[in-house]
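Examination of the molecular architecture
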Amino acid sequence: MSKVLKFGGTSVGSAENMKKVAQIVLQEKATITVLSAMSGTTDALVKISASAKSGDKAQIEELLTMLSDKYTTCIDGLLENSVSEAKAKMNGAFETIRNASANYQDYKSERVIISQGELLTSAIFTMYLKEQGVNAILLNAPDFVVTNEDGKVDTCGLKEKLVQLVSDKNATYVTQGFICTNYKGDIDNLGRGGSDYSAALMGAAIEAKEVQIWTDIDGMHNNDPRFVENTHPIRHMSFDEAAELAYFGAKIIHPATIAPCKEHGIPVLLKNTMDPAAPGTTISNREDNEANSFHAVAAKDGITVIRIHSARMLMAYGFLRKVFEIFEEHKTPIDMITTSEVSVSLTVDNPEHLDKIEKELCELGNIEIERDNSIVCIVGHLDHKDVGLAAKVLDSIKDIPIKMISYGASHRSLAMLINTKDKQHTLQSLNDKLF
Ligand code: ASP
Ligand code: MG
């Protein structure tokens, strides 16, 4: 019965917390433990990389001193016999960062720099387990997490390699989340927050019984506790609900995490390292069937809406295909869409190629672009035959301008586009009136 446990930045953010992690790993009999970088590390490494690009050496040294203090304190507080081994490892990582910064060549050097956080925590944590007499083995994730030209992980290759690597039933394996090798053979990563996804992929590869994501809050809440008062943890949710919430802004889990686990029917547990006894949230295939139930709300900022107004759309076919092709060509996913006979509104969260997209869309009609929007997504059991659900949602936010509504695509969600400045008020009103 294998389990994959993933611990986030705060969970491995100090010696004290790493000791808690070790206890959990042993108690849960983790097959593979996937670690993030210590909290704050990746942000610092991203800044170092930006400083390397702009040639700001002083800033690089300042950040390295900060990281050095952080890791030295952790090593001194955690280890006994392996202190010098760990410090050598740390200094080696800093040397790598300095070299990559001095010979900075765009993305390649950036990825080398950013990968050092995960490499360091996993090495230090493995030393600690070994000192505790645990048969711990450190695996190098880029040896088996490999992406193709589109940035997608080769799951077949991952399975083949990982199954062989973790064959010793008496060992505890430790590895890095987030990092991988790309199709050119260079070190790369799966995007910010990607270590949850690493854990899910590894869980699917070894057909784990469970994937556990350990953070510093007690599971997924019904609303964003950073903005809303009186939220509560949700004990259970379906894969589809969790996917929508994660995609639409619930920060606790990376949105890509759900798909591999859903596909293999592997439950995902969201747990709190600071309170391991708390039940957390279980995400699984089980569907809760109580009618009229709103389970949770999440919001995602940084949304741009694009409106295409065209008389040519009237009673024509093939118009939407032309629109979609433009987004496809520029590798820009569309989140929400609403249509009328003569116009279509779309939202995107990645404005990188928007200028080029806009230029091409202009051929199809008049284009209007608005930034600084948020999508608010409400999930639950929203069966279409249950009357009054949408009315209840809209009634609870009567005073807020709604720019788009998407309802009916599934029985699971209703999404709305609002101005980001109205977000907090919207979330609080929904929380007060729907839950
Ligand atoms: N350390 C990486 C980040 O901060 C990956 C992760 O924590 O999931 O984005
Ligand atoms: Mg995370």
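As a starting point, this report considers the structure included with it. Keep in mind that this is a model prediction, so the values were computed, not measured.

So, how was this worked out
- Residues numbered from 1 in each chain as written.
- Chains lettered and ligands numbered in written order.
- Predicted model: local features only at pLDDT ≥ 70, side-chain atom pairs only at ≥ 80, totals over all residues.
- Heavy atoms only, no water.
- Helix = DSSP H or I, 4+ residues; strand = E, 2+ residues; numbered from the N terminus.
- Rg over C-alpha atoms; globule rule 2.2 N^0.38 Å.
- Buried < 20%, exposed > 50% of the residue type's maximum accessible area, 1.4 Å probe, protein only.
- Contact = heavy atoms within 4.5 Å.
- Areas by Shrake-Rupley, 256 points an atom, 1.4 Å probe, with all protein chains shown as cover.
- Lys, Arg positive; Asp, Glu negative; His and termini not counted.
- Charge placed at Lys NZ, Arg CZ, Asp CG, Glu CD.
- Axes fitted to C-alpha atoms, helices over the stretch in contact; angles between N-to-C directions.
- Parallel < 35°, antiparallel > 145°, perpendicular 65-115°, else oblique.
- Left-handed = near helix turned anticlockwise from the far one by under 90°.
- Nonpolar A, V, L, I, M, F, W, Y, C, P; charged D, E, K, R; others polar.
- Near = heavy atom within 4 Å.
- Polar contact = N/O pair within 3.5 Å; in protein donor to acceptor, adjacent residues only side chain to side chain.
- Pairing = 2+ DSSP bridges.
- Core = buried A, V, L, I, M, F, W, Y, C linked by side-chain atoms within 4.5 Å.
- Patch = residues over 30% accessible without salt bridge, like charges linked within 9 Å, V, L, I, M, F, W, Y side chains within 5 Å.
- Salt bridge = Lys/Arg side-chain N within 4 Å of Asp/Glu carboxyl O.

Describing the overall build of the protein chain
- Looking only at helices and strands, one finds 13 helices and 16 strands in the protein chain.
- Relative to its length of 435 residues, the protein chain is compact, with a C-alpha radius of gyration of 23 Å against a globular reference of 22 Å.
- Its C-alpha atoms give the protein chain principal-axis dimensions of about 75 × 50 × 40 Å.
- Counting only residues that meet the buried cut, the protein chain has 52% of its 435 residues in that class.
- Considering only contacts in the protein chain between residues 6 or more positions apart, those separated by 24 or more positions represent 74%.
- A total of about 19700 Å² of accessible surface is found on the protein chain, and carbon and sulfur atoms cover 50% of it.
- With 45 positive and 59 negative side-chain charges, the protein chain shows a separation of 1 Å between the mean positions of the two kinds.

Description of the packing of helix α2 (residues 41-54) against helix α5 (residues 106-131)
- Here α2 crosses α5 at 160°, and the two axes come no closer than 9 Å. Classified by the angle between their axes, α2 and α5 sit roughly antiparallel to one another. For α2 against α5, the interelement crossing comes out right-handed. On α5, the residues touching Thr41, Thr42, Leu45, Val46, Ile48 and Ser49 of α2 are Glu110, Ile113, Ile114, Gln116, Gly117 and Glu118.
- Residues that form the contact of α2 with α5 fall into these classes: five nonpolar, five polar and two charged.

Considerations on the site of ligand 1
- In the vicinity of ligand 1, the contacting residues are Ser36, Ala37, Thr42, Glu118, Phe178, Arg192, Gly193, Gly194 and Ser195.
- With respect to ligand 1, the side chain of Ser36 contributes an N or O atom lying 3.1 Å from an oxygen atom.
- Taken together, the residues of the shell around ligand 1 sort by class into two nonpolar, five polar and two charged.

Quick look at the sheet that holds strand β10 (residues 281-284)
- Taken in spatial order, the eight strands make up an open sheet running β3-β4-β2-β1-β7-β9-β10-β8, and their pairing is mixed. Taken across any chain shown, the strands that pair with only one partner, and hence form the sheet edges, are β3 (136-138) and β8 (236-238). Averaged over all adjacent pairs, the angle separating strand axes in this sheet is 20°, with direction ignored.
- Bridge count between β8 and β10: three bridges; the pairing is parallel. Residue pairing for β10: His236 is matched across the bridge by Thr282.

Things to note about the nonpolar core
- Leu162 and Ile253 are the most contacted members of the largest nonpolar core, which totals 99 residues.
- Sequence-distant contacts of Ile253, defined by excluding residues within four places in its chain, comprise Asp196, Ile213, Met220, Ala246, Ile258, Val268, Leu270 and Ile283.

A closer look at a nonpolar patch on the surface
- A surface patch of nonpolar side chains, amounting to about 210 Å² of accessible area, comprises Leu320, Phe324 and Ile337.
- Tracing the chain through its elements places Ile337 in strand β12 (residues 337-339).

Observations regarding unusual backbone geometry
- Unusually for a residue other than glycine, Asn230 sits at a positive phi of about 60°.
- Along the polypeptide, Asn230 turns up in the loop between β7 (210-215) and β8.
- Under the relative-accessibility criterion, Asn230 is labelled exposed at 68%.
- Here Asp372, not a glycine, exhibits a phi torsion of approximately 60°, which is positive.
- Examined against the element boundaries, Asp372 turns out to sit in strand β14 (residues 366-381).

A short note on the environment of Lys356
- By the secondary structure assignment, Lys356 is in helix α11 (residues 354-361).
- The class of Lys356 is partly exposed, set by a relative accessible area of 46%.
- Counting along the chain gives 33 residues from Lys356 to Leu389, while the straight-line C-alpha distance between them is 40 Å.

Shape is all these values report; function is a separate question.
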